[in-house]
Amino acid sequence: ADLIARWQETLGAILWADFADNDAQTEEKILVEAFGLHPLAIHDAQRNRHQPKVEAFADHVFILLKGLGADRDSFDFNTIQIAMFVGEHFLVTRHSGPSSSIAMLWQAQQEDAALLASGPDSVALRVARISIDRFLKRLLTLEPRLEDLEQEIVAHPDDTILAELTGYKTDLRKFRRVLNYHQQVFSDLIANPPPQFGVERMHEIKDVYEH
């Protein structure tokens, strides 16, 4: 509360506020009163399941993504909600579980304060890029197991292998659906860049889209 108050009193100051594991009503009160966020967007951010989206408001942009859960050596596909509210002088992030992407960038910000000085829009796109890169890394963990299964199904075909393959097929279908949603989000940002994202961010938006 003290940090938010000092930010409100300091002309031109930029604040990054990160929210997780809070009482929903208390959290909503802070987000509405301190940052002027739209209540319906806050409710979407607080839902455990909601498809990725981007929505522009008068003084902020709401971006909702799906991030991967904790790093694993196996292809275990589970997601968390990552919500970002980008204003001219603030970035609000909200996640439904531990976010490696936000934690990584948060730590970088502690070590280099200039990171936030690049603007809330730049930090938000960095969060998105790190999050998307983790999808590729998780996908690559599946390749060695598929190679093993190719050999096993020839040498010793059985129902256990078939069940494992069916499980991967289901997970990959979800994987593709999530990435298609993300693709649409950043396609929309390219086609209709909101004023909270400077023209110099177009390259970064396209970079996330391409990945």
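Up top is the structure.
Being a predicted model, the structure only gives us computed values, none of them experimental.

### Quick look at the overall build of the chain
Phase 1: Secondary structure assignment for the chain yields nine helices and five strands.
Phase 2: Along its sequence from the N terminus, the chain presents helices and strands in the succession α-β-α-α-β-β-β-β-α-α-α-α-α-α.
Phase 3: C-alpha atoms of the chain, sized along the principal axes, occupy 70 × 35 × 35 Å.
Phase 4: By residue count, 41% of the 211 residues in the chain fall in the buried class.
Phase 5: Surface exposure of the chain reaches about 11,800 Å², of which carbon and sulfur atoms provide 52%.
Phase 6: Here the chain holds 21 positive side-chain charges and 33 negative ones, and the gap between their average locations is 4 Å.

### Observations regarding the layout of surface pockets
Phase 1: Roughly 330 Å³ of volume is contained in the largest pocket.
Phase 2: Residue lining of the largest pocket: 15 residues in total, with Arg49, Lys66, Thr79, Arg177 and Val178 positioned closest to the centre.
Phase 3: Examining the composition of the lining of the largest pocket, we find that five residues originate from one element, helix α8 (residues 159-191), more than from any other.
Phase 4: Considering only residue class, the lining of the largest pocket consists of four nonpolar, six polar and five charged.

### Some remarks on the sheet that holds strand β2 (residues 53-56)
Phase 1: What the five strands build is an open sheet, ordered β1-β5-β4-β3-β2; its pairing is mixed. For this open sheet the edge positions go to β1 (15-19) and β2, each flanked by a neighbour on one side alone. In this sheet, neighbouring strand axes are inclined to one another by 15 degrees on average, regardless of whether the strands run parallel or antiparallel.
Phase 2: Two strands pair when backbone bridges link them, and strand β4 (residues 79-87) and strand β5 (residues 90-95) are joined in this way by five bridges, in the antiparallel orientation. Across the sheet, the residue bridging to valine 86 is leucine 91, located in β5.
Phase 3: Sheet strands in contact with helix α4 (residues 100-111) are β1, β4 and β5, and its direction is about 145 degrees off that of β1.

### A look at the side chain of lysine 53
Phase 1: Mapping lysine 53 onto the fold places it in strand β2.
Phase 2: Here the side chain of lysine 53 touches aspartate 44 through a polar contact of 3.0 Å, side chain to side chain.
Phase 3: Side-chain polar atoms of lysine 53 contact the side chain of glutamate 55, separated by 3.1 Å.

### Focus: the nonpolar core
Phase 1: Counting 26 residues, the largest nonpolar core has Ile63, Met84 and Phe186 as its most contacted members.
Phase 2: At the level of elements, β3 (60-68), β4, α4, α5 (114-117), α6 (120-140), α8 and α9 (202-210) are the ones that each hand at least two residues to this core.
Phase 3: If you tally residues by element for this core, the top one is α6, at seven residues.
Phase 4: Core analysis: the next-biggest nonpolar cluster, separate from the first, contains 19 residues, Ala17, Ala34, Leu37 and Ile42 among them.

### Side note on the packing of α8 against α9
Packed helix pairs are characterised by how far apart their axes lie and by the angle those axes make with each other.
Phase 1: Two elements in contact, α8 and α9, have axes separated by 9 Å at closest approach and are oriented at 160 degrees. It follows from the interaxial angle that α8 and α9 lie roughly antiparallel. In terms of crossing hand, the pair formed by α8 and α9 is left-handed. Together, Gln183, Phe186, Ser187, Leu189 and Ile190 of α8 and Met202, Ile205, Lys206, Val208 and Tyr209 of α9 make up the contact between the two elements.
Phase 2: Of the residues in the contact of α8 with α9, the class split is seven nonpolar, two polar and one charged.

Basis of the calculations
Residues numbered from 1 in each chain as written. Predicted model: local features only at pLDDT ≥ 70, side-chain atom pairs only at ≥ 80, totals over all residues. Heavy atoms only, no water. Helix = DSSP H or I, 4+ residues; strand = E, 2+ residues; numbered from the N terminus. Buried < 20%, exposed > 50% of the residue type's maximum accessible area, 1.4 Å probe, protein only. Areas by Shrake-Rupley, 256 points an atom, 1.4 Å probe, with all protein chains shown as cover. Lys, Arg positive; Asp, Glu negative; His and termini not counted. Charge placed at Lys NZ, Arg CZ, Asp CG, Glu CD. 1 Å grid on protein atoms, 1.4 Å probe; cavity = no way out; pocket = protein on both sides within 12 Å on 5 of 7 lines; lining within 4 Å. Points joined across faces, edges and corners; volume = space filled by probe spheres on them. Nonpolar A, V, L, I, M, F, W, Y, C, P; charged D, E, K, R; others polar. Pairing = 2+ DSSP bridges. Axes fitted to C-alpha atoms, helices over the stretch in contact; angles between N-to-C directions. Contact = heavy atoms within 4.5 Å. Polar contact = N/O pair within 3.5 Å; in protein donor to acceptor, adjacent residues only side chain to side chain. Core = buried A, V, L, I, M, F, W, Y, C linked by side-chain atoms within 4.5 Å. Parallel < 35°, antiparallel > 145°, perpendicular 65-115°, else oblique. Left-handed = near helix turned anticlockwise from the far one by under 90°.

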